[in-house]
Amino acid sequence: MICHSRNNLPINRTYRIVNTTPICGKDVEVDEKQETMYVITKDEDGIEKCFDLYFHENTKTKLNLWAIGMSADGISVFVKKTKTRVEKF
């Protein structure tokens, strides 16, 4: 994936979606029904970052990545692009 953020150059990362524990050295909740999901990204230097993955219940166009072990400052919100507009939080 290619990550873009304000005022920074794009960063190339690989990612995996997992339902295992531990991730990034932290124990996480794992639901046997596969209802929990986590994303592990790795940058070009091999540095891994881990996130809880949440889809918003009433829409298929919005998801959150919440950095494992971080407060609300560690959340990223993604909204699927539409032809008419792109929302950014």
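See the structure shown above.
Source: prediction; values computed, not measured.

Most of strand β3 (residues 38–43) is tucked away: five of the six residues are buried. Relative to β3, strand β2 (residues 11–18) is paired through six bridges, and the arrangement is antiparallel. Pairing of Ile 17 across the sheet is with Val 39, part of β3. The sheet contact formed by β3 and strand β4 (residues 48–55) spans five bridges and is antiparallel. Among the inter-strand pairings, Ile 40 is bridged to a residue of β4, identified as Cys 50. What sits between the antiparallel neighbours β3 and β4 is a turn of four residues, in which Gly 46 has the positive phi angle 85 degrees.

Note on placement: Thr 41 falls in strand β3. In this structure Thr 41 touches Met 1, Arg 13, Thr 14, Tyr 15, Ile 47, Glu 48, Lys 49 and Phe 51, once residues within four positions along its chain are discounted.

Turning our eyes to something else, we now look at the environment of Gly 74. Structurally, Gly 74 can be placed in the loop between β5 (62–67) and β6 (75–79). Gly 74 sits in the buried class, given a relative accessible area of 12%.

Let's shift gears to a nonpolar patch on the surface. Together, Met 1, Tyr 15 and Ile 17 make up a nonpolar patch on the protein surface, roughly 320 Å² of accessible area in all. You can call Met 1 partly exposed: its relative accessible area is 41%.

So, on to the pattern of salt bridges. Pairs can form between side chains of opposite charge once their charged atoms are near each other. All chains considered together, the criterion is met by one salt bridge. A salt bridge links Glu 48 to Arg 16; the shortest N-O distance between them is 3.7 Å. Taken together, the residues Glu 48 in strand β4 and Arg 16 in strand β2 connect sequence positions 32 residues apart. Relative accessible area serves as the criterion here: at 36%, Glu 48 is assigned to the partly exposed category.

How each quantity is defined
Residues numbered from 1 in each chain as written. Predicted model: local features only at pLDDT ≥ 70, side-chain atom pairs only at ≥ 80, totals over all residues. Heavy atoms only, no water. Buried < 20%, exposed > 50% of the residue type's maximum accessible area, 1.4 Å probe, protein only. Helix = DSSP H or I, 4+ residues; strand = E, 2+ residues; numbered from the N terminus. Pairing = 2+ DSSP bridges. Contact = heavy atoms within 4.5 Å. Patch = residues over 30% accessible without salt bridge, like charges linked within 9 Å, V, L, I, M, F, W, Y side chains within 5 Å. Areas by Shrake-Rupley, 256 points an atom, 1.4 Å probe, with all protein chains shown as cover. Salt bridge = Lys/Arg side-chain N within 4 Å of Asp/Glu carboxyl O.

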